[in-house]
Amino acid sequence: MKEELDVFNRIAQALLEDEQKEPVLTPIPIEEVYNRLDLRLEENGIDEKRFEKALKDLVLNTPRTTTNHFFNQLFGGRNGKATLGELLVVLLNNSMYTYKVGGPMIAMEKELIRNIGLLAGYGENAFGTIATGGSMTNYMAMIMARDQYDLNIRLDGVKRDLVMYTSQECHYSIKKNAAFGGIGRSNVRYIATNEKGEMLVEALEQQIQKDKAEGKAPFFINATIGTTVLGAIDPLRDIAEVAKRHGIWLHADAAFYGSFIFSKKNNHLADALELTDSFSMNAHKMLSTPITCSFILAKNKKAFYDSFNSDADYLFQGNGDDWNPGKVSFQCGRRNDALKFWCLWKSVGTSGLGRMVDNEIYLANTARDYIRNHPDYTLHNFDDSITVCFNYKGIPADKLCDALYESKELMVGYGRFREVEFVRFVTVNSSNTKEDILHFFTTLEKIASRIEI
Ligand SMILES: *Cc1c(COP(=O)(O)O)cnc(C)c1O
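Below is a summary of the structure that appears in this document. Residue numbers here run from 1 along each chain, matching the order of that chain's written sequence. Where totals are concerned, whole chains, interfaces and linings use all residues; where local detail is concerned, this predicted model gives features only for residues with pLDDT of at least 70, and gives and counts side-chain atom pairs only at 80 or more. Computation of side-chain values: all heavy atoms of the structure, hydrogens and water removed.

## Remarks on the sheet that holds strand β7 (residues 278-282)
Right, so step 1: For two strands to be treated as a pair, DSSP must find at least two bridges joining them. A run of H or I in DSSP counts as a helix once it spans at least four residues, and a run of E counts as a strand once it spans at least two, with each numbered from the N terminus. The seven strands lie next to each other as β2-β8-β7-β6-β5-β3-β4, forming an open sheet whose pairing is mixed. Since the sheet does not close on itself, it has two edges, and those belong to β2 (127-131) and β4 (188-191), each with one partner. Taken over all neighbouring pairs, the strand axes of this sheet differ in orientation by 20 degrees on average, direction set aside.
Right, so step 2: Relative to strand β5 (residues 217-224), strand β3 (residues 162-167) runs parallel, the two being bridged by four bridges. Inter-axis angles, ranging from 0 to 180 degrees, are taken between N-to-C directions of lines fitted to C-alpha atoms, where helices are fitted over the stretch in contact.

Right, here's the structure in full:
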């Protein structure tokens, strides 16, 4: 392994240097990718030199998501401590299903979940696990809700007309999950939103009443805390009242904004999580932890066991259920996605995580101020969001984003709300500064002046 570590250091060093020089790479056209890079697999092995070059070329030609020119997704930045944790995970290669194999890593993961539960207002008894991403943690929540509605579903399958509720602006995983879980995509009710993209609670109430009157079985409400495009926050307190009145499981998809629980200044943006039955939260979004690090927590520990426990004598040997998290997991082998986040949290403390989150709000406000002070821009979303959606001089958003990418200046994407398409500028990289935000706009204006409309 020593030799490979040397190779790692050489390639990593080259990458770090290159990222400084070229924060945005020229994309390799798909039709050229197999010719430009040494990717083809062969019958016989190759020598070390060619191997290192092939690997290095592959790495150095991969899009750069960690630089301060990347605003394309709901993740960004590279946190040194979190990356260190991730590298060690690979060396250790544990699996997080039993104490026997995971050892103190199981205790470390439990400590993360316990603290997240406390910050979210779930109390000491919160229970949870880490899965492969927000799509999966949302799925686990939906399955728990389904089984708690009727435990027989686990044996007999879905026999009733189950229906579930989410807003029109929800993440697309909700729809897929409905299909996977035997609910059916057409039994998802997409509740209308207001002009900010927040779920209309009266519309939710009406739809539930209508479904009940028709003999359907409402079992799951998903409230989105930070919608993927606008960053809108569904009114959780009011939704919780509806859920309680009708006895429906309430899940908060806080994959994007769950990290606001760490902030003292801005924790109102993840308000009322304590009223939910479950919530999901991605540390790989606002907290710059390497992909993926997604938590699912529920108040009712039994719901996890009811849905995910299965005996396996060859695997679960001793130590009791609480120390064998494989019993509440979708997966069998499960990678250690906890250590990277623990390294970050341990080193900067809860207040340090809060400062990261607060800085992202500051960066978004900086962007909004800029837009409001420059009449060539139109702003499409609202205060508090850390996605900033806008148009510039009426230039089609896709055209503008493509031009920025092709000119190797910035990576930023576009989104749509109702009929309007706009640039979606995401300020989730907490290592960015005000200068990076202003640089974004001056660069955009420079490139836009070269586009013919
Ligand atoms: C990102 C996101 C998800 C999906 O999370 P993945 O980890 O990418 O699967 C779900 N819901 C919301 C609101 C998100 O922003």
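## Quick word on unusual backbone geometry
Right, so step 1: Residue Ile291 is joined to Thr292 through a cis peptide bond whose omega torsion reads -10 degrees.
Right, so step 2: Take Thr292: it is sitting in the loop between α12 (283-286) and β8 (294-298).
Right, so step 3: Phi angles above zero are rare outside glycine, and Ser288 is one such case at about 50 degrees.
Right, so step 4: Residue placement: Ser288 occurs in the loop between α12 and β8.
Right, so step 5: Here the term buried applies to any residue with accessible area under 20% of the maximum for its type, exposed to any over 50%, and partly exposed to those in between, with areas from a 1.4 Å probe on protein chains only. Residue classification places Ser288 among the buried positions, given a relative accessible area of 8%.
Right, so step 6: Unlike most non-glycine residues, Arg418 shows phi in positive territory, near 55 degrees.

## Remarks on the nonpolar core
Right, so step 1: Residue types Ala, Val, Leu, Ile, Met, Phe, Trp, Tyr and Cys, when buried and joined through side-chain atoms within 4.5 Å, form a set referred to as a nonpolar core. If you look at the biggest cluster of nonpolar residues, it comprises 90 residues, and the most contacted ones within it are Ile116, Phe295, Phe341, Phe390 and Phe441.
Right, so step 2: Sorting elements by how many residues they give to this core places helix α14 (residues 339-373) first, with 14 residues.
Right, so step 3: Any two residues having at least one pair of non-hydrogen atoms within 4.5 Å are treated as being in contact. When near neighbours in sequence (up to four residues on either side) are disregarded, Phe295 contacts Leu112, Ile113, Ile116, Thr129, Ile130, Thr137, Phe279, Ser280, Met281, Ala283 and Phe341.
Right, so step 4: Formed by 28 residues, the second largest nonpolar core is a distinct cluster that contains Ala141, Cys170, Ile174 and Ile183.

Purely geometric numbers; function is a separate question.
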